[in-house]
Amino acid sequence: MRIVMQPASRSQKVVKKHYDDTIASPVNFEQYAHLLEPDVLDQLKQLFPSGQAQMWGVVPGKRDVNVAHVKKMTAGDWVFFTGDKKLYLGGTIALMWRSRELAEELWEKNGNGQTWEYMYALSGTRGFDIPMDEIRSLLSWNPDRNIMGITVLGEDESDTLQTYLTLDPAPAAPQQDDPQRDDKAIADYDGELERKATRAQRGEQAALKRRLLPGLTGQCALCGRELPGTFLIGAHIKKRAMCTDDEKRDLANIAMLACTFGCDALYEHGYITIAEGGAIRVSPLAADIPEIAAHIQERLADRTVAWWSPQREPYYLWHRTHTFKELPPS
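Rules and cut-offs
Residues numbered from 1 in each chain as written. Predicted model: local features only at pLDDT ≥ 70, side-chain atom pairs only at ≥ 80, totals over all residues. Heavy atoms only, no water. Buried < 20%, exposed > 50% of the residue type's maximum accessible area, 1.4 Å probe, protein only. Salt bridge = Lys/Arg side-chain N within 4 Å of Asp/Glu carboxyl O. Helix = DSSP H or I, 4+ residues; strand = E, 2+ residues; numbered from the N terminus. Patch = residues over 30% accessible without salt bridge, like charges linked within 9 Å, V, L, I, M, F, W, Y side chains within 5 Å. Areas by Shrake-Rupley, 256 points an atom, 1.4 Å probe, with all protein chains shown as cover. Lys, Arg positive; Asp, Glu negative; His and termini not counted. Charge placed at Lys NZ, Arg CZ, Asp CG, Glu CD.

The name an unreviewed UniProt entry gives the protein is HNH endonuclease, with Streptomyces amritsarensis as the organism.

Here it is in structure tokens:
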């Protein structure tokens with residue numbers, strides 16, 4: 001999965017209108033069936049049974065400058081919308097196609113007589129509020145670097161962002177497997193397959209769990225159930241990979257006990273978070289998956305986490321702003 005940076009500043013009147021028309025208000029694609037190729041329409045129906053999809057597009061650009069970037073994009077990639085000095089929307093590219101007619105119908109033409117004909121539909125969109133300065137620092141970019149045009153990140157940068165923001169896949173058109181490509185990638189890799197840090201990390205995790213679970217049983221910080229230690233893990237409140245060394249050593253505050261019966265996974269993937277004061281917040285996107293919504297309603301709704309404290313609040317704040325699944329901005 002690669003990550004695509006899509007510049008789209010909503011402070012610009014044209015971008016704001018496009019966003020309102022086809023992102024904030026998904027497109028009823030049946031209404032435009034006469035402008036879609038039959039196979040594209042069929043795939044949209046399979047991916048979006050509701051008959052509506054969020055859509056965006058890319059202009060060819062002067063001398064087709066954007067076309068080379070578009071060719072690197074594929075269904076299953078993540079795309080981030082950036083503008084006004086922040087990253088504010090993300091989602092999976094569910095399907096890509098080219099339609100000058102549909103793009104012109106939805107968005108008309110720009111000042112150069114071009115339209116956004118390299119189109120894609122989005123699934124699993126969620127809102128973000130991450131300053132671009134933070135992204136530049138994370139990816140070791142030049143502090144003055146701006147996303148001026150559609151940009152496809154390399155694998156290393158994509159992996160870093162995926163880990164940083166816990167990007168879960170969403171429905172997308174299937175891609176044909178290429179075993180030879182995968183075999184070549186493994187054969188060409190000359191780095192360490194077993195990292196030397198693994199032993200130290202295991203030691204840290206063991207010390208962390210001993211600190212959190214001094215006896216044979218313990219209480220899940222999220223659902224409150226008293227459980228055998230076998231079914232509890234030391235879950236980092238802030239993603240461990242993003243902690244400083246000092247934060248990793250802050251054993252008293254950096255983690256909490258979470259059970260393996262769903263609480264750990266729900267927190268790790270951002271379907272729940274902890275508000276200041278300890279109240280559990282539920283992602284609005286949890287309703288899209290009935291099984292998750294039912295589990296949360298049964299075990300977690302309206303609970304307050306006793307594990308919250310002012311000392312732990314900075315870690316919970318990081319989770320709220322980087323992992324919790326917010327709705328896309330309206």
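Read on, since the account is not over.
## Structural notes on unusual backbone geometry
At threonine 166, a position not held by glycine, the phi torsion is positive, near 50 degrees. Given the relative accessible area of 8%, threonine 166 is considered buried. In this model, aspartate 302 sits at a positive phi of 65 degrees, which is unusual for a non-glycine residue. The exposed category is assigned to aspartate 302, whose relative accessible area is 78%.

## A short note on the pattern of salt bridges
Following the criterion strictly, the structure yields twelve salt bridges and no others. A salt bridge links glutamate 117 to arginine 100; the shortest N-O distance between them is 3.4 Å. On the criterion of sequence distance, the pair formed by glutamate 117 in the loop between helix H4 (100–107) and strand E6 (118–131) and arginine 100 in helix H4 is long-range, its members being 17 residues apart. Classification of glutamate 117 by relative accessible area gives buried; the value is 4%. Given the relative accessible area of 47%, arginine 100 is considered partly exposed. Close ionic contact of arginine 281 with glutamate 326 constitutes a salt bridge, the shortest N to O distance being 3.2 Å. Here arginine 281 is found in strand E13 (residues 280–282), whereas its partner glutamate 326 is found in the segment after helix H12 (313–322), with 45 residues between them in sequence.

## What to know about a negative patch on the surface
A cluster of acidic residues, Glu37, Asp39, Asp42, Glu101, Glu104, Glu105 and Glu108, forms a negative patch at the surface. For the negative patch, the elements supplying multiple residues, two or more each, are helix H2 (38–47) and H4. Broken down by element, the negative patch gets its largest block of residues, three residues, from H4. Inspection of the secondary structure assignment puts aspartate 42 in helix H2.

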